[in-house]
Amino acid sequence: MSAGSEPAFSMRGSLVRKNILTALLLAPATLWLVVFLVLPFVAIAIFSVGERAPEGGYQAALTFAQYANLPARATAFWNTMVLAPAGALACLLVAYPVAYYLALRAPQRWRLILLALIVIPFWTSLLMRTYAWMYILGGRGIPALLAYVGVEDLRLINRPGAVLLGIVYGYLPLMILPIYVSLERLDRRLLEASADLGATPVSTFLGVTLRLSLPGVMTGFSLVMILLLGEYLIPTLLGGGKVFFIGNALVDLFLQSRNWPFGSAIAITLVLVSVVVLIVANRISTRLSGARRVDLI
């Protein structure tokens, strides 16, 4: 063996050892993803091309009839595709001013306390918080108080507005935190430079602050949007069985109707919609802010 080939052989051996070490380090995470993400998705995909057994459940087949039957749940899809973006947008409109104040205006000594106050509601079950809103919006809550001043027969619960209110309350922290991180990383010198160059506060906000915080905005929006696509609890409690989401349809098909193939077809469609949401959010953030990607916080 020549002297020149020995260093090359040594480099190849070192590279092989590094690759083996990397594979060993990634093996636990890879196994976790395969067992708890890939295999369930494959199972649902197989169920979606099957048929409902006579006694309920799954019966092996190869048919796309379940996908052709998706319009049967058009109401659930329509409500989800309308209320989920509307809820995410409402969260954004409320969250951005809060995140802006925390990141750029709040005193440093109070910032951590204010952030803790935003996160604290997550320490309480969403079920309990939603039940509280059921009482507030129900007949013994706000409508009862308004009845004392002459406003009679006001109905707030079991309406889309009640579901949107519950969505904003339940998911607001998930929107605030990514936006706060983007704004907190903002270089203050850019704001000063914009002002020195004669830009108005509105121009500075639109051209610098908002533009540079778009990755956080799109992260929060896509995160809340994806979670809302599968939301079940809030429409059930605040919608009163009159406002159905896709999550409600899945519960009905898997647990009550026991039509697993049809439920699986809806679940696969929901996953595809979630992927589209992520792709669109990434494209919008890249084009508007010049960032390479949307960082999921």
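Being a predicted model, the structure only gives us computed values, none of them experimental.

### Quick word on the packing of aromatic side chains
- Applying the stated rule across the entire model yields seven aromatic pairs.
- Where Trp32 meets Phe36, the ring centres are 4.5 Å apart and the plane angle is 40°; that geometry is what we call tilted. Pair noted here: Trp32 and Phe36 are both in helix α1 (residues 5–48), with a separation of four residues, about one helical turn. When sorted by exposure, Trp32 lands in the same class as Phe36, which is exposed.
- With a centroid separation of 6.1 Å and an interplanar angle of 35°, the aromatic rings of Phe47 and Trp260 are classed as tilted. You can see Phe47 sitting in helix α1 and its partner Trp260 sitting in helix α12 (residues 260–289), a full 213 residues away along the chain.
- Given the relative accessible area of 27%, Trp260 is considered partly exposed.

### With respect to the nonpolar core
- Counting residues in hydrophobic clusters, the biggest one holds 50 residues, and the most contacted among them are Ile167, Ile179 and Ile266.
- If you list the elements that add at least two residues to this core, you get α3 (74–105), α4 (108–119), α5 (126–137), α7 (160–184), α9 (201–229), α10 (233–239), α11 (246–256) and α12.
- It is α3 that contributes the most residues to this core, 12 residues altogether.
- Residue contacts for Ile167: discarding those within four places in its chain leaves Leu83, Gly87, Cys91, Leu172, Leu228, Ile234 and Phe245.

### Comments concerning unusual backbone geometry
- One non-glycine residue, Asn158, lies in the positive phi region at around 60°.
- Here Asn158 is to be found in the loop between α6 (142–147) and α7.
- You can call Asn158 partly exposed: its relative accessible area is 23%.
- The residue Arg258 is not glycine, and still its phi comes out positive at about 55°.
- Relative to the helices and strands, Arg258 is located in the loop between α11 and α12.
- In this structure Arg258 comes out as partly exposed when scored by relative accessible area, which is 34%.

### Thoughts on the confidence of the model for the protein
- On average, residues of the protein score 86 in pLDDT, and 93% of them reach the 70 mark or higher.
- Every residue in residues 291–297 scores below 50 in pLDDT, and together they form 18 contacts with partners more than four places removed in sequence or on other chains.

### As for the pattern of salt bridges
- Considering all chains together, one arrives at two salt bridges under this definition.
- Where Arg73 meets Asp252, a salt bridge forms, and the shortest distance between an N and an O atom there is 2.9 Å. You can see Arg73 sitting in the loop between α2 (65–68) and α3 and its partner Asp252 sitting in helix α11, a full 179 residues away along the chain.
- A residue is classified by how much of its surface remains accessible, and Arg73, at 23% relative accessible area, is partly exposed.

### Side note on a nonpolar patch on the surface
- On the surface, Leu31, Trp32, Leu33, Val34, Val35, Phe36, Leu37, Val38, Leu39, Val42 and Ile46 cluster together into a nonpolar patch covering about 1000 Å² of accessible area.
- Under the relative-accessibility criterion, Trp32 is labelled exposed at 56%.

### Considerations on the packing of α5 against α7
- Two elements in contact, α5 and α7, have axes whose closest approach is 11 Å; the angle formed by their N-to-C orientations is 140°. Classed by the angle they form, the pair α5 and α7 counts as oblique. Along this stretch, α5 crosses α7, giving a crossing that reads as right-handed. For the pair α5 and α7, the contacting residues are Leu126, Arg129, Trp133 and Leu137 in the first and Ala162, Leu165, Tyr169 and Gly170 in the second.
- Looking at side-chain class alone, the contact of α5 with α7 contains six nonpolar, one polar and one charged residues.

### Observations concerning the side chain of Ser264
- Relative to the helices and strands, Ser264 is located in helix α12.
- What Ser264 contacts, discounting residues up to four positions off in sequence, is Ile44, Phe47, Ser48 and Phe254.

About the cut-offs
Residues numbered from 1 in each chain as written. Predicted model: local features only at pLDDT ≥ 70, side-chain atom pairs only at ≥ 80, totals over all residues. Heavy atoms only, no water. Phe/Tyr/Trp six-rings, centres within 6.5 Å; stacked < 30°, edge-to-face > 60°. Helix = DSSP H or I, 4+ residues; strand = E, 2+ residues; numbered from the N terminus. Buried < 20%, exposed > 50% of the residue type's maximum accessible area, 1.4 Å probe, protein only. Core = buried A, V, L, I, M, F, W, Y, C linked by side-chain atoms within 4.5 Å. Contact = heavy atoms within 4.5 Å. pLDDT = per-residue confidence, 0-100. Salt bridge = Lys/Arg side-chain N within 4 Å of Asp/Glu carboxyl O. Patch = residues over 30% accessible without salt bridge, like charges linked within 9 Å, V, L, I, M, F, W, Y side chains within 5 Å. Areas by Shrake-Rupley, 256 points an atom, 1.4 Å probe, with all protein chains shown as cover. Axes fitted to C-alpha atoms, helices over the stretch in contact; angles between N-to-C directions. Parallel < 35°, antiparallel > 145°, perpendicular 65-115°, else oblique. Left-handed = near helix turned anticlockwise from the far one by under 90°. Nonpolar A, V, L, I, M, F, W, Y, C, P; charged D, E, K, R; others polar.

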